[in-house]
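# Tertiary structure, described
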Amino acid sequence: MNAGVQTSSLRDAHRNLTRRRVLDAALGLFRDGAVEDLTMAGVAARAGMTERTIYRHFETREALLGAVWEEINAIVKTPSMPDTPERLIAQPREMFREFDKEEALLRAIVTTRQGRELRLSVNAQRQTAIRQAVRAARPELMEPHFTRLCAAVQLLDSSFAWAVMKDYWGLAGDEAGAAASEAIRVLLGYGAAPEDQHAKEKTP
């Protein structure tokens, strides 16, 4: 390896390490309930670097929030927006159990102004995916019924639904995820899940 290539590789490694420190600092603010510090200055202080360094990796706070959202999705194993009926139905079952493992992080996202800002930063893309999935399942729906259904489905496929079922009904993530998935399945016109239908048939 020549000196130029080696220098470039070291530079890239340092850049990646610094970016990782920034994202870990931002996630740490959520986990510790210090979301009021989710500013460029606050993240810089948490990461032990200057604001100028933060801006080298994220040109705007919006860019940083977008990267943080991607990190959160990776943590709770939500790799993409659910843009098919099947993905939309399956997602709460997959996500809610992971929410239990990262409860402090998810509660900060649900309850704080900064969490709301983070959610809204990707809401347009999320709405587009949900509309695509709902339209595939319910092509006959006209407005305003179509948008109402999309809104209800988005609520069920969210950390809000997980928090309400956990706090008010005592459901663990697995149970809450199953409940949300089953409700979405019915709303999309797919009927009861096969296991639910089987249980119904066995009821005397």
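Figured I'd write up the structure that's included with this text.

Definitions and limits used
- Residues numbered from 1 in each chain as written.
- Predicted model: local features only at pLDDT ≥ 70, side-chain atom pairs only at ≥ 80, totals over all residues.
- Heavy atoms only, no water.
- Helix = DSSP H or I, 4+ residues; strand = E, 2+ residues; numbered from the N terminus.
- Buried < 20%, exposed > 50% of the residue type's maximum accessible area, 1.4 Å probe, protein only.
- Areas by Shrake-Rupley, 256 points an atom, 1.4 Å probe, with all protein chains shown as cover.
- Core = buried A, V, L, I, M, F, W, Y, C linked by side-chain atoms within 4.5 Å.
- Contact = heavy atoms within 4.5 Å.
- Polar contact = N/O pair within 3.5 Å; in protein donor to acceptor, adjacent residues only side chain to side chain.
- Phe/Tyr/Trp six-rings, centres within 6.5 Å; stacked < 30°, edge-to-face > 60°.
- Lys NZ or Arg CZ within 6 Å of the ring centre and 35° of its normal.
- Salt bridge = Lys/Arg side-chain N within 4 Å of Asp/Glu carboxyl O.

As a further point, take the overall build of the chain. When helices and strands are tallied, the chain shows 12 helices and 0 strands. In the chain, the succession of α and β elements from N to C terminus is α-α-α-α-α-α-α-α-α-α-α-α. Taken across its 204 residues, the chain has 41% of its residues classed as buried. Surface accessibility of the chain: about 11300 Å² in total, with carbon and sulfur atoms responsible for 56%.

Okay, the nonpolar core next. Core analysis: the largest hydrophobic core is formed by 39 residues, its most contacted members being Phe30, Val43, Leu64, Val68 and Phe96. Looking at which element gives the most residues to this core, the answer is helix α1 (residues 3-31), with 7 residues. Each residue touching Val68, except ones within four places of it in the same chain, is listed here: Leu23, Ala26, Leu27, Phe30 and Leu118. Of all hydrophobic cores here, the second largest spans 13 residues; its members include Leu88, Ile130, Ala137 and Leu149.

A separate point is the side chain of Ser158. Within the secondary structure layout, Ser158 lies in the loop between α9 (145-156) and α10 (159-169). A distance of 2.5 Å separates a polar atom in the side chain of Ser158 from the backbone oxygen of Leu155.

Tracing the backbone through its elements, the reader meets Asp167 in helix α10. Using a relative accessible area of 46% as the deciding quantity, one classes Asp167 as partly exposed. In terms of polar contacts, Asp167 uses its side chain to reach the side chain of Arg107, at 2.7 Å.

Turning to the environment of Ser159, a few remarks are in order. Within the secondary structure, Ser159 sits in helix α10. When the C-alpha positions of Ser159 and Phe96 are compared, they lie 7.7 Å apart, and in sequence the two are 63 residues distant. Not counting residues up to four positions away in its chain, the partners in contact with Ser159 are Phe99, Leu106 and Val110.

So, on to the packing of aromatic side chains. Under the counting rule described, the total for this entry stands at 2 aromatic pairs. Note on Phe96 and Phe99: the rings are 5.4 Å apart at their centroids and 25° apart in plane angle, and the pair reads as stacked. A residue pair is termed a helical-turn pair when its members lie 3 or 4 positions apart in one helix, as Phe96 and Phe99 do in helix α5 (residues 85-101) at 3 residues. The structure contains a cluster of three or more aromatic residues connected by ring pairs, namely Phe96, Phe99 and Trp162. The ring of Phe146 carries the charged tip of Arg135 above its face, separated from the ring centre by 3.8 Å.

A word on unusual backbone geometry. For the bond running from Glu143 to Pro144, omega is 5°, close enough to zero to count as cis. In this fold, Pro144 is placed in the loop between α8 (123-137) and α9.

Looking now at the pattern of salt bridges. By the definition in use, this model includes 15 salt bridges. The closest approach of N and O atoms between Arg131 and Glu143, which form a salt bridge, is 3.8 Å. Taken as a pair, Arg131 in helix α8 and Glu143 in the loop between α8 and α9 lie far apart in primary sequence, 12 residues in all. Taken together, the salt bridges that share partners define one network made up of Asp100, Glu103, Arg107, Lys166 and Asp167.

None of this, on its own, says anything about what the molecule does.
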